[in-house]
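Chains, contacts and geometry: an overview
Given next are the chains, with one letter for each unit.
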Amino acid sequence: MSPAAPVIRFERARKEYPDGTVAVDGLDLEVFEHEMLVLVGPSGCGKSTTLRMANRLVELTSGRVLVKGEDIATSDPVALRRRIGYVIQNVGLFPHRTVGQNVATVPALLGWDSRRTRDRTAELLELVGLEPAIYTRRYPHQLSGGERQRVGVARALAADPPVLLMDEPFGAVDPAGRRRLQQEFWRIQRELGTTVMLVTHDIDEAVRLGDRIAVFSKGGRLEQLADAVNLLARPATAMVADFVGAGRAVRLLGIGELTAPDLEPVPGAAATDVALSAPLLSPAAALRVGSRLDDAFAALAASGGRAVPVLGDDGAVVGQVTPDGLLGALRRMTADVDEGDAADRVVAG
Ligand SMILES: Nc1ncnc2c1ncn2[C@@H]1O[C@H](COP(=O)(O)OP(=O)(O)OP(=O)(O)O)[C@@H](O)[C@H]1O
């Protein structure tokens, strides 16, 4: 298979439920290897139905779904589901099995020996931030909601599935915990290279996690498929513009990073003196090259709009960021997608 070959491919996929509801209509969509593709859209727009078509929890009315080039209609659904990990909102852990046994579900079905299973279980619990010595023997009711979701992710990753389907996987977690889980999951996905298709109704989660984002509207219509910057800077339809909302510029700040060209030289005093005398208001950490733009914005707001020093890798001050520099960074992010004055429009909006 060539690197560009899709791992999952929907071809004119359609689902009409027996009561006549058309949940997904004529969907063409590809998910590429190592990619995190996020499906987002309002309630009832067919996201879960689309996801569940890929492991045959929902059978298509017409069209095809191919996984690694194979039409899944001809493959054994049970074997298919062992190859494809599936994580749902309420996790669905087995309540009478320990965390260790839950994580080992698929390895047990695949007949792994106990040592390999034990090693893999410990490795995965560690990966999702649960100390194996503490958690392996606990039962699901002895965990917090966030811990249960981590176990759900570990269980889905246990057999190292080439593809992971996730339906609102962080939905049951409070906002702060959710953000942390998102970041950790993003890191794990990058590390393992797992191909992921993830459903959410939360546009912020979508732009934070997705390499590409598919926006659906009612009736399972694919409105736009784009990376986060393109989606935010250039919504293709009125529905997408409405869905990504008026906070588009703020969301761009949340995904962009401060780079060296965004900085200005520190005038006058020695750079280190500037760092020491810099206002240490709300942001706990100093700004660095690579800091997120929303952290830079927070630092500028805290300094009353005055320039804020920025550190390089070695901790020395390499320049300062100003309000103009921050706006410049936003324009740089949108420059590839917006010819002309559209970037100004985004910054203003
Ligand atoms: N078994 C079913 N029988 C009939 N209609 C169904 C069935 N399952 C889902 N639907 C309908 O299909 C449409 C798409 O549902 P789906 O669950 O795929 O949407 P969704 O985008 O995942 O929604 P949400 O974000 O609320 O979970 C909805 O109108 C829903 O009511």
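Here the structure is a predicted model, which means the values were calculated and not measured. (Residues numbered from 1 in each chain as written. Predicted model: local features only at pLDDT ≥ 70, side-chain atom pairs only at ≥ 80, totals over all residues.)

Considerations on the overall build of the protein chain
Rules: A run of DSSP states H or I qualifies as a helix once it reaches four residues; a run of E qualifies as a strand once it reaches two. Both are numbered from the N-terminal end. Burial is judged by counting the other C-beta atoms within 10 Å of a residue's own C-beta: 20 or more makes it buried, 12 or fewer makes it exposed, and any count in between marks it as partly exposed, with every C-beta position built from the backbone. Residue pairs qualify as contacts under a 7 Å threshold applied to their C-beta atoms, which are placed from the backbone.
If you tally the helices and strands in the protein chain, you get 16 helices and 13 strands. For the protein chain, the proportion of its 349 residues judged to be buried stands at 38%. For the protein chain, the share of sequence-separated contacts (at least 6 apart) that also reach a separation of at least 24 residues comes to 67%.

Remarks on the domain arrangement of the protein chain
Applied cut-off: The start and end points of each domain follow an automatic or database-based domain assignment.
In terms of domain boundaries, the protein chain breaks down into domain 1 (6-245) and domain 2 (255-330). Placing the centre of domain 1 and that of domain 2 at their C-alpha centroids yields a distance of 37 Å.

Considerations on the site of the ligand
Here is the rule: Each residue gets a C-beta atom placed from its backbone. Should that atom fall within 6 Å of a molecule or strand, the residue is termed near it. When residues are grouped by polarity, Ala, Val, Leu, Ile, Met, Phe, Trp, Tyr, Cys and Pro land in nonpolar, Asp, Glu, Lys and Arg in charged, and all others, Gly among them, in polar.
Near the ligand you find 13 residues, and of these Tyr17, Ala23, Ser43, Ser48 and Thr49 are the closest. With 3 residues, the single largest contributor to the shell around the ligand is helix α1 (residues 47-53). The residue makeup of the shell around the ligand, split by class, is 3 nonpolar, 8 polar and 2 charged.

Considerations on the environment of His34
Counting through the fold element by element, His34 comes out in the loop between β2 (22-32) and β3 (36-40). Overall, the presence of 15 C-beta atoms within 10 Å leaves His34 in the partly exposed class. Put simply, His34 and Gln189 are 155 residues apart on the chain and 8.2 Å apart in space, counted from C-alpha to C-alpha. Beyond its immediate sequence surroundings of up to four residues, His34 is in contact with Gly193 and Thr195.

Considering the nonpolar core
As a reminder, the rule being used: We call a set of buried Ala, Val, Leu, Ile, Met, Phe, Trp, Tyr and Cys residues a nonpolar core when their C-beta atoms link them within 7 Å.
Among the nonpolar cores identified, the biggest contains 85 residues, and Met197 and Val321 are the most heavily contacted of them. Inspection of this core shows a minimum of three residues originating in each of domain 1 (6-245) and domain 2 (255-330). Residues contacting Met197, with those up to four places away along its chain left out, are Ile8, Val31, Leu37, Leu39, Leu51, Ala54 and Leu165.

Concerning the environment of Thr74
The topology assignment puts Thr74 in the loop between β5 (70-71) and α2 (77-83). Among the residues examined, Thr74 registers 7 C-beta atoms within 10 Å and is labelled exposed. Considering only alpha carbons, one finds Thr74 and Arg115, 41 residues apart in sequence, at a separation of 34 Å.

Considering the sheet that holds strand β12 (residues 308-311)
Put simply, the rule reads: Strand pairing follows a simple DSSP-based rule, namely that at least 2 bridges must link the two strands.
Pairing is mixed in the open sheet, where 3 strands are placed in the order β11-β12-β13. Edge strands, defined here as strands with exactly one partner in the open sheet, are β11 (287-288) and β13 (317-321). For β12 and β13, the ladder comprises 4 bridges, and the chain directions are antiparallel. Within the sheet, the bridge partner assigned to Leu311 lies in β13 and is Val317.

Notes on unusual backbone geometry
Even without glycine at this site, Lys68 takes up a positive phi of about 50 degrees. Following the sequence through the fold, Lys68 ends up in the loop between β4 (62-67) and β5. A positive phi angle is found at Glu168, which is not glycine, with a value near 45 degrees. Looking at the element boundaries, Glu168 is found in the loop between β7 (163-167) and α8 (175-192).

Some details on helix α7 (residues 145-157)
Heads up, the condition is: Expected span of a helix, by definition, is 1.5 Å for each gap between consecutive residues, and there is one gap fewer than residues.
Helix length check: α7 (13 residues) gives 19 Å between terminal C-alpha atoms against 18 Å at 1.5 Å per residue, within 8%. Taken across its 13 residues, α7 has 10 buried, putting it largely inside the fold. Buried residues along α7 sit against β6 (84-88), α3 (99-103), α4 (105-109), α5 (114-127), β7 and α8.

Structural notes on the packing of helix α14 (residues 293-302) against helix α15 (residues 323-335)
The angle between the axes and the distance between the axes are what describe a pair of packed helices. The criterion, for reference: Lines fitted to the C-alpha atoms define the axes, with helices restricted to the stretch that makes contact. Angles between their N-to-C directions range from 0 to 180 degrees. An angle below 35 degrees is read as roughly parallel, one above 145 as roughly antiparallel, one from 65 to 115 as roughly perpendicular, and any other as oblique. Crossing chirality is assigned from the near helix's rotation relative to the far helix, an anticlockwise turn below a right angle marking it left-handed and a clockwise turn marking it right-handed.
At a closest axis distance of 10 Å, the pairing of α14 and α15 adopts a crossing angle of 160 degrees. One element, α14, and the other, α15, form an angle in the roughly antiparallel class. Here α14 runs over α15; the crossing is left-handed. Contacts between α14 and α15 involve Leu293, Ala296, Phe297 and Leu300 on the former and, on the latter, Pro323, Leu326 and Ala329. Of the residues that constitute the contact of α14 with α15, the class distribution is 7 nonpolar, no polar and no charged.

Quick look at the pairing of strand β1 (residues 6-16)
As judged from the 7 bridges shared by β1 and β2, these two strands associate in the antiparallel manner. In the strand pairing of β2, Glu16 is matched with Val22. Hairpin connection from β1 to β2: 5 residues lie between these consecutive antiparallel strands, with Gly20 at a positive phi of about 95 degrees. Relative to β4, β1 runs antiparallel, the two sharing 5 bridges.

Quick look at the sheet that holds strand β9 (residues 212-217)
Here we have 6 strands laid out as an open sheet, ordered β6-β7-β8-β3-β9-β10, and mixed in their pairing. The open sheet has two edge strands, β6 and β10 (221-226), and neither has a second partner. Neighbour-to-neighbour, the strand axes of this sheet turn through a mean angle of 15 degrees, independent of strand direction. As paired strands, β3 and β9 are joined by 4 bridges and run parallel to one another. Along β9, the bridge assignment pairs Val38 with Ile213. Packing against the sheet, α7 makes contact with β6 and β7, and its axis sits at approximately 170 degrees to β6.

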